[in-house]
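Commentary on secondary and tertiary structure
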Amino acid sequence: RYVKPCACLEVDMLHVKGNLAACYSCLGRDEEALALRREIYARSLALGISSHFLDVLNLAVSLKKTQRHTEAASFLREQLPKARRALGAEDDTFFRLRGMYANALRDDRGSSRDDVVEAVAIFEGLSSTARRIYGESHPLAKHIQDELEAAQIKLACF
C-alpha cells in the first residue's frame, strides 16, 4: 500500500532534484536540466513553497540555455508582477528575474524593435540600481552594463 510522504520529505526531494538539475546544466545536459526544473517549479507551486521564485529563476535560466527565449519571456512576463508583490522591487531575486526577462526579450531571434527597446529600458534601470547598491566597480554592476550595451547594439541594428 502506498503511503504519501510528508510534505517536508517532498520539499527535500525537490532540493535534491534542483541539485541534480544544476549538475546536468554544468555538464551541458541542458534538456535534462530543463525537464527537472519544469517539474520542480510545478511541484513547488502546488505545495505553496514561499521560495518558489528561485524555482522560477532557475526554470528561466534553463529556458534561456536551451534557446527558448520566447517561452522564457512569456513565462517571466507572467511571473514578474507576482514576484514584485511577494518579494518587493529591491529584492535580489526580483532583480535577477528582471534581468533574465530583459535577456529573453533581447536574445529572441523574433524579437521586435519594441521588445528590444523594453530590454534596453530594463537594463538601464537595473544598471542604475546595481551601481547605486553595489558601486560601479562591482562585478554585477559591470555585468549589467555589458548586458545593456549588448541590448543597445541590437537596438541599433533595427
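See above for the structure.
Rules used in this analysis
The numbering scheme is per chain: residues are counted from 1 as the chain's sequence reads. A pLDDT threshold of at least 70 governs which residues receive local features in this predicted model, and a stricter bar of 80 or more applies before side-chain atom pairs are shown or counted, although totals over entire chains, interfaces and linings include all residues. Think of the side-chain values as coming from all heavy atoms in the structure, minus any hydrogens and water. Buried residues of nine kinds, namely Ala, Val, Leu, Ile, Met, Phe, Trp, Tyr and Cys, make up a nonpolar core once their side-chain atoms join them within 4.5 Å. Categorising residues by exposure relies on relative accessible area from a 1.4 Å probe, with only protein chains included: less than 20% of the type maximum marks a residue as buried, more than 50% marks it as exposed, and the intermediate range marks it as partly exposed. Secondary structure counts use DSSP, requiring at least four H or I residues in a row for a helix and at least two E residues in a row for a strand, with both numbered from the N terminus. Whether two residues touch is decided by their heavy atoms; if any such pair falls within 4.5 Å, the residues are in contact. Side-chain atoms alone can form a polar contact between residues adjacent in sequence; in general such a contact is a pair of N or O atoms within 3.5 Å, and within protein one must be able to donate a hydrogen while the other accepts it. Note on geometry: axes are C-alpha line fits, over the in-contact stretch for helices, and angles between N-to-C directions span 0 to 180 degrees. Angular relationships are summarised with four words: roughly parallel below 35 degrees, roughly antiparallel beyond 145, roughly perpendicular across 65 to 115, and oblique for the angles in between. It is the rotation of the near helix from the far one that decides the hand of a crossing: anticlockwise by less than a right angle makes it left-handed, clockwise makes it right-handed. Side-chain classes are defined by residue name, with Ala, Val, Leu, Ile, Met, Phe, Trp, Tyr, Cys and Pro counting as nonpolar, Asp, Glu, Lys and Arg as charged, and the others, Gly among them, as polar. One less than the residue count of a helix, multiplied by 1.5 Å, gives the span that helix is expected to have.

Generally speaking, soluble globular proteins have nonpolar side chains that are buried together. Formed by 32 residues in total, the largest nonpolar core has its most connected members in V56, F75, L76, L97 and Y101. Listed by contribution, the elements that provide at least two residues to this core are α2 (30-47), α3 (52-65), α4 (69-87), α5 (92-107), α6 (113-134) and α7 (139-156). Ranked by the residues each element gives to this core, the list is headed by α5, at eight residues. With residues near it in sequence (within four places) discarded, Y101 still touches A73, L76, R77, L80, E118 and I122.

This part is about the environment of E10. By secondary structure assignment, the location of E10 is in helix α1 (residues 7-26). With 14 residues separating them in the primary sequence, E10 and Y24 have C-alpha atoms 21 Å apart. At 2.2 Å, the side chain of E10 and the side chain of R43 are in polar contact.

What follows is about unusual backbone geometry. Here the phi dihedral of Q67 falls at roughly 65°; this positive angle occurs in a residue that is not glycine. Position of Q67 relative to the elements: it lies in the loop between α3 and α4.

Inspection of the secondary structure assignment puts I122 in helix α6. Each C-alpha atom of the pair I122 and P81 lies 14 Å from the other, and the pair is 41 residues apart in sequence. Here I122 is in contact with R98, Y101, A102 and L105, once residues within four sequence places are set aside.

Attention now moves to the packing of α3 against α4. The geometry of α3 relative to α4 is characterised by a closest axis approach of 10 Å and an angle of 160° between their N-to-C directions. Judged on the interaxial angle alone, α4 and α3 are roughly antiparallel. Pair α3 / α4 crosses with left-handed handedness. Taking contact as the criterion, the partners of H52, F53, V56, L59, A60, L63 and K64 in α3 are, on α4, H69, E71, A72, F75, L76, Q79, K82, A83, A86 and L87. Its residues assigned to classes, the contact of α3 with α4 comprises 11 nonpolar, three polar and three charged.

If you check α6, its first and last C-alpha atoms are 31 Å apart, about what 22 residues at 1.5 Å a residue would give, namely 32 Å. Buried within α6 we find V116, A119, V120, I122, F123, L126, S127, T129 and A130. Elements in contact with the buried residues of α6: α5 and α7. Note on α6: the residue one or two positions beyond its end, G135, has a positive phi of about 95°.

So, on to the packing of α2 against α3. Contact geometry of α2 with α3 gives a least axis separation of 9 Å together with a crossing angle of 155°. In terms of orientation, α2 lies roughly antiparallel with respect to α3. In this structure, the crossing between α2 and α3 has a hand that is left-handed. Facing α2, whose interface residues are D30, A33, L34, R37, R38, I40, Y41, S44 and L45, α3 presents H52, D55, V56, N58, L59, S62, L63 and K65. Its residues placed into classes, the contact of α2 with α3 shows eight nonpolar, four polar and five charged.

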